[in-house]
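Fold and geometry: a report
Here are the chains, one letter per residue:
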Amino acid sequence: MLQKFDFEKMPVVEIVNEIMVDAAKRGASDIHFDPLPEYMKVRIRIDGLLINYAEIPNTIKKNLITRIKIIAGMNITETRLPQDGAIKASLQNVNLDLRVSSIPTSEGEKMVIRILDYSMSLSGLENLGFSDKNFHKVLKMISVPNGIILVTGATGTGKSTTVYAVLQKLNREETNIITVEDPIEMDIEGINQIQVNSEIGLTFAAALRSILRQDPDIIMVGEIRDAETAKIAVRASITGHIVLSTLHTNNSLNTIERLLDMEVERYLLASSLTGIISQKLARKLCEKCRISRKTNQYEKDLFKKILNQDIDEVYIGEGCEECGNGYKGRIAIHEVLLINQEIRDAISEGISKENLREMVYKADVNTLLQDGLEKVAKGLTTFEEVLKLIELEDDDRVYGEYDLKTAIDYTNLTHQTEINESKTDIFNDINDVNENTLNQNIPTNTDNNINENVNSMNNHQNDNEPASEPIPIIFDEIDNVSI
Ligand SMILES: [Zn+2]
């Protein structure tokens, strides 16, 4: 699928425009320009995976980088220090909102363009892949007039999309919504958005303090990264505001622990926490070419254990013209916890991690594994995809340990309640998750995929979040700018 350009005849301006527009049209999230000794490699990330896109000859490499820097408002003479920039433009009827980052590597400058895509947030909370049960919990969460709501997950799990969708739901004439973000990823009409600028001392914490004097109803903090921000955010939420934020943790339990480790006082956290939405992104099966296949014994056992369902068939993608590899787009896997009184008391009293875990996962919570497998059973994604996410997408080891064993343990806790209620004894042995079952072959034909995915995950983890502190420059007529 390598894209061919006529580098002899085509002006650099057009090549750059073409790459940006084409990548956006293909639904890419990032464009990478990697300097190599022989040429510059261009790759685009689609549905989480980097694929080769084009090869730029060294003769025009410098001009191409300069062109990108100019339209991104970056310093074209600086090649030895990392830089950030931004591009807003409308090209060939495609609205582009891009964040540009350059870093000096031993082979020369490497540029990455992050393509911000609002279409998911704009499609509304209803269309983010929440199960009915989870969707209603989220609606309940955002109807509470004060308290803190956290959306959690690793980098690139769609946290911002969820947060923006919630903000849009809450965005009404009679509410004053203020956000502090780094970077502002989407402009929302009617909302006051502040860009963090740590160089001049405008940190999350500093901005938050000032926001509190601006008579806010709803405050969105882009990310809680430090203890100071965590403390102010929690305090703000108990004084009659809805605070919405994101945290780099893997599930509900880890999120509570992380906040306590950030020295948020137990009694404050207990009274302020409204709910936690944890999420991961799985590749979505292409509807055009998915076909069913029989489940093997391992999969049957896991479905039975986790969902208490007999699933004989799941889907795989064959690959067609539309999708290429059987997947098209991505779907979020969620774990939604609505804090109840029992959990509040437990946080406040400081019970052990084990007891808290039991309490959280008995609170009618569908775990990530459960939600993922439900989506597999519905043919939205594949069994392999969900297992890969559970086992591998952990770029936060301390709080992120969430391997299959842990995932099953968590899920079993919720099942136990159901068992107690329904008085069946099917799951008597559920607590001793059979090691043999766990280690049993995940079907060998997926091993390659999994390895491939390890690589891509690693790549992804090396990616930075969108360039910070962008200098948005509006180019209505991008073509008028010349090198
Ligand atoms: Zn297809």
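Definitions and cut-offs
For every chain, the first residue of the written sequence is number 1, and numbering continues from 1 onward in sequence order. Residues qualify for local features only when their pLDDT is at least 70, as the model is predicted, and side-chain atom pairs are given and counted only at 80 or more; totals for whole chains, interfaces and linings, by contrast, use all residues. Based on all heavy atoms of the structure, the side-chain values leave hydrogens and waters out of the count. For helices the rule is a DSSP run of H or I covering at least 4 residues; for strands it is a run of E covering at least 2, with both sets numbered from the N terminus onward. Think of it in three bands: residues with accessible area under 20% of the maximum for their type are buried, residues over 50% are exposed, and the middle band is partly exposed, with areas taken using a 1.4 Å probe on protein chains only. The contact criterion used throughout is that any non-hydrogen atoms of two residues lie within 4.5 Å. Computed with a 1.4 Å probe, the accessible areas rest on the Shrake-Rupley method; for each residue, only the protein chains presented here act as cover. Between 30 and 60 degrees the pair is tilted, below 30 it is stacked and above 60 it is edge-to-face, where a pair is any two Phe, Tyr or Trp rings, Trp via its six-membered ring, whose centres lie within 6.5 Å. Any nitrogen, oxygen or sulfur atom within 2.8 Å of a metal ion counts as a donor, with the limit raised to 3.2 Å for Na, K and Ca, and since water is left out, coordination shells can look unfinished. For four-coordinate sites, all angles between 85 and 135 degrees define a tetrahedron; for four- and six-coordinate sites, opposite donors beyond 155 degrees with the remaining angles between 65 and 115 define square planar and octahedral shapes respectively, and all other cases count as irregular. We treat two strands as partners when DSSP finds at least two bridges between them. Only the contacting stretch of a helix is used when fitting its axis, a line to C-alpha atoms as for every element, and angles between N-to-C directions run 0 to 180 degrees. Only buried residues count toward a nonpolar core. Its members are Ala, Val, Leu, Ile, Met, Phe, Trp, Tyr and Cys residues joined through side-chain atoms within 4.5 Å. To estimate how far a helix should extend, the number of its residues minus one is multiplied by 1.5 Å. We define a salt bridge as a side-chain nitrogen of Lys or Arg found within 4 Å of a carboxyl oxygen belonging to Asp or Glu. Every residue gets a pLDDT, meaning the predictor's confidence in that residue, from 0 to 100.

1. A few points about the overall build of the protein
Within the protein one finds 18 helices and 16 strands. Residues classed as buried in the protein amount to 54% of the 483 residues present. Partitioning the intrachain contacts of the protein with sequence separation of at least 6 by distance along the chain shows that 68% fall at a separation of at least 24. A total accessible area of about 21600 Å² is found for the protein, and carbon and sulfur atoms account for 46% of it.

2. Notes on the packing of aromatic side chains
Taken as a whole and assessed by the stated rule, the structure comprises four aromatic pairs. The interplanar angle of 85° and the centroid separation of 6.2 Å between the aromatic rings of Tyr298 and Phe383 together place this pair among those described as edge-to-face. Pair noted here: Tyr298 is in helix α10 (residues 297-307) and Phe383 is in helix α14 (residues 383-392), with a separation of 85 residues, a long-range link. The pair formed by Tyr298 and Phe383 is uniform in burial state, with each residue classed as buried.

3. A short note on the coordination of the zinc ion
On the protein side, the zinc ion has Cys286 (SG), Cys289 (SG), Cys320 (SG) and Cys323 (SG) as donor atoms, found 2.3 Å from it. Angles of 102 to 113° at the metal separate the four donor atoms of the zinc ion, which places the site in the tetrahedral class.

4. Some thoughts on the sheet that holds strand β12 (residues 273-285)
With mixed pairing, the seven strands of this open sheet are ordered in space as β9-β8-β10-β11-β7-β12-β15. The strands lining the two open edges of the sheet, one partner per strand, are β9 (192-195) and β15 (327-338). The mean angle between the axes of side-by-side strands here comes to 20°, regardless of whether they run parallel or antiparallel. The sheet contacts of helix α4 (residues 132-143) involve β7 (147-152), β11 (242-247), β12 and β15, and relative to β15 the element is tilted by about 55°. Packing against the sheet, helix α8 (residues 252-261) makes contact with β7, β11, β12 and β15, and its axis sits at approximately 135° to β12.

5. Here we look at the pairing of strand β8 (residues 177-181)
By the criterion of burial, β8 is predominantly enclosed, with five of the five residues buried. In β8, alternate side chains face the same way, and those of Ile177, Thr179 and Glu181 on one face and Ile178 and Val180 on the other are all buried. Relative to strand β10 (residues 218-221), β8 runs parallel, the two being bridged by four bridges. Each residue of the ladder has a partner; that of Ile178, found in β10, is Ile219. Bridge analysis of β8 against β9 gives four bridges, and the strand direction is parallel. Bridged to Ile178 within β9 is Asn192.

6. Describing the nonpolar core
Ile256, Leu269, Leu273, Leu337 and Ile343 are the most contacted members of the largest nonpolar core, which totals 44 residues. If we ignore the near neighbours within four places in the chain, the residues touching Leu269 are Val234, Ile256, Leu259, Leu260, Val264 and Ile347. Residues Phe5, Ile44, Leu91 and Ile113 belong to the second largest nonpolar core, which totals 35 residues.

7. Digging into helix α1 (residues 12-25)
For α1, built from 14 residues, the straight-helix expectation of 20 Å at 1.5 Å per residue is met to within 8% by its first-to-last C-alpha distance of 20 Å. Among the 14 residues that make up α1, 10 are buried, leaving the element largely enclosed by the rest of the structure. The set of residues buried in α1 consists of Val12, Val13, Ile15, Val16, Asn17, Ile19, Met20, Val21, Asp22 and Ala23.

8. A word on the pattern of salt bridges
Applying the stated criterion across every chain yields a total of 30 salt bridges. The shortest N-O distance in the salt bridge between Lys69 and Glu109 comes to 2.8 Å. Placement of Lys69 in helix α2 (residues 58-71) and of Glu109 in strand β6 (residues 108-115) is noted, with a sequence separation of 40 residues between them. Two residues, Asp187 and Lys88, come together in a salt bridge whose shortest N-O distance is 2.4 Å. Here Asp187 is found in the loop between β8 and β9, whereas its partner Lys88 is found in strand β4 (residues 83-91), with 99 residues between them in sequence.

9. A word on α8
Burial within α8 is extensive, with nine of its 10 residues counted as buried. Within α8, the full set of buried residues consists of Ser252, Leu253, Asn254, Thr255, Ile256, Glu257, Arg258, Leu259 and Leu260. Of the residues trailing α8, Glu263 is marked for its positive phi of about 65°.

10. Quick word on the confidence of the model for the protein
Looking at the protein as a whole, the pLDDT averages 84, with 83% of positions reaching at least 70. In this model, residues 393-398 is a region of pLDDT below 50 whose contacts with residues beyond four sequence positions or in other chains number 18 contacts. The model gives residues 419-483 a pLDDT under 50, and that stretch makes 120 contacts with residues more than four places away or in other chains.

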